[in-house]
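Summary of the model geometry
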Amino acid sequence: MKARIADIKSMAIHDGPGIRTTVFFKGCGLKCLWCHNPETISSVPQLAFYETKCQHCLACAAVCAAHKAAELQHHFDRGSCLGCGSCVSQCLQGALQLFGTEVTAEALLPRLLEDRAFYETTGGGVTLSGGECLLQADFCAALLEALKKEGIHTAVDTCGFVQKAAFEKVLPYTDIFLVDIKAIDPQVHKACTGQENGMILDNIRYLDSVDAQMEFRIPFVPGCNDREIPAIRDFLKTLKGSYNVKVLPYHNYAGSKYAALGMENTLPPTIPTEAQIAEAEALLR
Ligand code: SF4
Ligand code: SF4
């Protein structure tokens, strides 16, 4: 069984307890305006071209017609790119990066175990993230089961926009779910993410009913979901379990990634102030 992933990052400190290694899966059913991992939204491989790093050496043009030479300048014809990744190793400037490689759980496990010393000394472990990792739930379940057999702490970072069956598959092998709540009003949710949130809230209620450990993450995005905090608080109060809740201040650092991927930049313009974040945290507390 194979999964398509965008990246693997070691030394993560915001993806669950301790120091963690995070696997970013490709594909997501939501399209959040503020997404800071746009390379994970599409399920297909994508080549990122960082124009400012390009030295116009044209080494890439030697291996693929999608890279063209015009007056000794490099031009990337994205429409001709198949996402095979063959050109990436040609570029010594790091201007090309492929997001979307296929891996097996058997190949991924040894890579994740390389960081075991960090997990053991900090109470960390492995986090499956994305994109929405649970769109590839069978693979996640197999990988999480293998990690648990190795004694590794496991976390699933999810937007919740998947069928309940996906949660049922990974539940036995997941120590904690890191669950986004972006809005309670379905129309606000749809305006911000492209989808209503009924399935997400049902999945949260399901995880609560089976005593799963959860941590909630609330991205705070002025002009998008900043008025949803009281409704989120009221929803959380209906759950029977006690959970950590974190407010994640929106940032717009991902702008260059949208450009490199040839994607429309949907990042909202306004960054929250410290006072706004403090107010949201106080409301939730
Ligand atoms: S990823 Fe493959 S198809 Fe796309 S530009 Fe590079 S070599 Fe060509
Ligand atoms: S190999 Fe890299 S630096 Fe050279 S032209 Fe291609 S993208 Fe630019």
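Residues numbered from 1 in each chain as written. Chains lettered and ligands numbered in written order. Predicted model: local features only at pLDDT ≥ 70, side-chain atom pairs only at ≥ 80, totals over all residues. Heavy atoms only, no water.

Overview of the overall build of the chain
The helix and strand inventory of the chain stands at nine helices and twelve strands. Since a compact globule built from 285 residues should have a radius of gyration of about 19 Å, the 20 Å found for the chain is in line with a globular shape. Across its three principal directions, the C-alpha atoms of the chain cover 65 × 45 × 35 Å. When burial is assessed residue by residue, the chain has 48% of its 285 residues classed as buried. Residue pairs in contact within the chain that sit at least 24 positions apart in sequence constitute 69% of those at least 6 positions apart. Surface exposure of the chain reaches about 13,600 Å², of which carbon and sulfur atoms provide 53%. One finds the centroid of the 26 positive side-chain charges in the chain at a distance of 1 Å from the centroid of its 32 negative side-chain charges. (Helix = DSSP H or I, 4+ residues; strand = E, 2+ residues; numbered from the N terminus. Rg over C-alpha atoms; globule rule 2.2 N^0.38 Å. Buried < 20%, exposed > 50% of the residue type's maximum accessible area, 1.4 Å probe, protein only. Contact = heavy atoms within 4.5 Å. Areas by Shrake-Rupley, 256 points an atom, 1.4 Å probe, with all protein chains shown as cover. Lys, Arg positive; Asp, Glu negative; His and termini not counted. Charge placed at Lys NZ, Arg CZ, Asp CG, Glu CD.)

Observations regarding helix 3 (residues 137–149)
Here helix 3 contains 13 residues, and its C-alpha end-to-end distance of 18 Å stays within 8% of the 18 Å for a straight helix at 1.5 Å per residue. All of the buried residues along helix 3 are A137, F139, C140, A141, L143, L144 and L147. The positive-phi residue at the C-terminal boundary of helix 3 is G151, with phi of around 80°. (Expected span 1.5 Å × (residues − 1).)

So, the sheet that holds strand 12 (residues 244–249)
One open sheet accounts for eight strands, arranged 7-1-2-8-9-10-11-12; its pairing is mixed. If you trace the sheet from one side to the other, it starts and ends with strand 7 (101–104) and strand 12, each paired once. Strand-to-strand twist of the sheet, defined as the mean angle between neighbouring strand axes without regard to direction, takes the value 30°. Sheet topology note: the strand 1 (residues 2–12)/strand 2 (residues 20–25) ladder contains five bridges and is antiparallel. Its bridge partner lying in strand 2, I5 is registered against F25. Lying over the sheet, helix 6 (residues 198–209) contacts strand 10 (176–180) and strand 11 (214–220), oriented at roughly 155° with respect to strand 11. Seen against the sheet, helix 9 (residues 274–284) touches strand 11 and strand 12 and runs at an angle of roughly 165° to strand 12. (Pairing = 2+ DSSP bridges. Axes fitted to C-alpha atoms, helices over the stretch in contact; angles between N-to-C directions.)

Some words on the pairing of strand 8 (residues 125–129)
Within strand 8, five of the five residues are buried, which leaves it mostly tucked inside the rest of the structure. Summarising the sheet, strand 2 and strand 8 pair through five bridges and their orientation is parallel. Across the sheet, T21 pairs through a bridge with V126, a residue of strand 8. Relative to strand 9 (residues 153–158), strand 8 runs parallel, the two sharing four bridges. Note that in strand 9 the partner of V126 across the bridge is T154. Regarding the hand of the β-α-β motif, the stretch spanning strand 8, helix 3 and strand 9 is right-handed. (Right-handed = clockwise from strand over helix to strand, strands pointing away.)

Section: the site of ligand 2
As a structural note, the neighbourhood of ligand 2 is formed by F49, C54, Q55, H56, C57, L58, C60, H74, C91, Q93, A95 and L96. When grouped by side-chain class, the residues that make up the shell around ligand 2 number eight nonpolar, four polar and no charged. (Near = heavy atom within 4 Å. Nonpolar A, V, L, I, M, F, W, Y, C, P; charged D, E, K, R; others polar.)

Structural notes on the pattern of salt bridges
Counted by the stated rule, this structure contains 17 salt bridges. Taking the shortest distance from any N to any O, the salt bridge between K257 and E39 comes out at 3.2 Å. Residue K257 is found in helix 8 (residues 255–261), and its partner E39 is found in the loop between strand 2 and strand 3 (46–49); the two are separated by 218 residues along the sequence. As far as the burial class goes, K257 and E39 line up, both buried. (Salt bridge = Lys/Arg side-chain N within 4 Å of Asp/Glu carboxyl O.)

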